[in-house]
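Spelled out, the chains give:
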Amino acid sequence: NVAAGKNGSQCHAVPSDNQVHKGDFITMDIGARLAGYHSDMTRTVALGSVSDEQRAVYDTVLRAQLTGLAAIRPGTLCGEVDRVVRSLIDSAGYEGCFGHSTGHGVGVEIHELPGLAPGNQTVLSPGMVVTVEPGVYLEGRFGVRIEDMVAVTADGCENLTHVPKDLLTL
């Protein structure tokens, strides 16, 4: 799934004939399936230069994503991971602009339990595979999402996504 410009301001963009213009963010949600198991990742890139506001949103989402990754460890409640991510986004001035959960389980299905969602009392344990995918969506303007897939380990998590997250400008 690929969304650009104002279409990227939707959490779950619907394909359109919208053209991509210089200064647009392009969000790419990418996955594959191997031996019956799914993978999931999202990156947002820019076409041409970005505004200071776009840079601020991107940097906020990246900080939130790194904070979420750091919170993934056995014994942590799924809702707690969502809380720390959402709290960072809200405190940066984007309260109400993150309209989906922080992540979800991935395996035989692309979206499985557990969900890294508000109030979820599921305890993370080794062997679980989840995404960490915060986003900020400014209605009618643009959006940014960064998603990695991680495996919960005995002492934290192993990031299974080996794609850089620094803002790439095409």
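Just above sits the structure.
Residues numbered from 1 in each chain as written. Predicted model: local features only at pLDDT ≥ 70, side-chain atom pairs only at ≥ 80, totals over all residues. Heavy atoms only, no water.

Draft legend 1. Molecular detail of the layout of surface pockets. Taken as a whole, the largest pocket encloses approximately 350 Å³ of empty space. The wall of the largest pocket is formed by 20 residues, among which C11, H12, D29, E133 and R145 lie closest to the centre. When contributions to the lining of the largest pocket are tallied by element, the ones reaching two or more residues are β1 (2–4) and β2 (25–30). Of the residues that constitute the lining of the largest pocket, the class distribution is six nonpolar, nine polar and five charged. (1 Å grid on protein atoms, 1.4 Å probe; cavity = no way out; pocket = protein on both sides within 12 Å on 5 of 7 lines; lining within 4 Å. Points joined across faces, edges and corners; volume = space filled by probe spheres on them. Helix = DSSP H or I, 4+ residues; strand = E, 2+ residues; numbered from the N terminus. Nonpolar A, V, L, I, M, F, W, Y, C, P; charged D, E, K, R; others polar.)

Draft legend 2. Up close: the nonpolar core. In terms of nonpolar packing, the biggest core is built from 31 residues, with V57, I72, L116, L124 and V136 touching the most fellow members. Contributing elements (two or more residues each) for this core: α1 (52–71), α2 (78–94), β8 (129–132), β9 (135–138), β10 (142–145) and β11 (148–153). With residues up to four places along the chain from it excluded, the contact list for V136 reads V57, V61, I89, Y94, C97, F142, G143 and V144. (Core = buried A, V, L, I, M, F, W, Y, C linked by side-chain atoms within 4.5 Å. Buried < 20%, exposed > 50% of the residue type's maximum accessible area, 1.4 Å probe, protein only. Contact = heavy atoms within 4.5 Å.)

Draft legend 3. Region of interest: the sheet that holds β2. The strand order across the open sheet built from three strands is β1-β2-β5, with neighbouring strands paired in antiparallel fashion. The sheet is open, and its two borders are formed by β1 and β5 (41–46), each paired with just one other strand. Strand after strand, the sheet turns through a mean of 15 degrees between neighbouring axes, direction not considered. Note that β1 and β2 share three bridges and pair antiparallel. Paired with V2 across the bridge in β2 is M28. (Pairing = 2+ DSSP bridges. Axes fitted to C-alpha atoms, helices over the stretch in contact; angles between N-to-C directions.)

Draft legend 4. Spatial organisation of the pairing of β11. Of all six residues in β11, five are buried; the element is thus mostly enclosed. Two elements, β8 and β11, share four bridges in a ladder whose sense is antiparallel. The residue of β11 that forms the bridge with V129 is A151. Connecting β11 to the antiparallel partner strand β12 (residues 156–159) that follows it, the hairpin turn spans two residues.

Draft legend 5. Just the packing of aromatic side chains, in detail. Tallied over the entire structure, the rule returns two aromatic pairs. Taking the centre distance of 6.3 Å and the plane angle of 35 degrees together, the rings of F25 and Y58 count as tilted. With F25 in strand β2 and Y58 in helix α1, this residue pair connects regions lying 33 residues apart in the sequence. What makes F25 buried here is its relative accessible area of 1%. (Phe/Tyr/Trp six-rings, centres within 6.5 Å; stacked < 30°, edge-to-face > 60°.)

Draft legend 6. Local environment of the side chain of T131. Mapped onto the elements of the fold, T131 is located in strand β8. A relative accessible area of 0% means that T131 is categorised as buried. Leaving out residues up to four positions away in the same chain, T131 has contacts with D40, T102, G103, H104, V106, L116, E147, D148 and M149.

Draft legend 7. Representation of the pairing of β12 within the structure. Alignment of β11 against β12, held across four bridges, turns out to be antiparallel. Paired with V152 across the two strands is C157, which belongs to β12.

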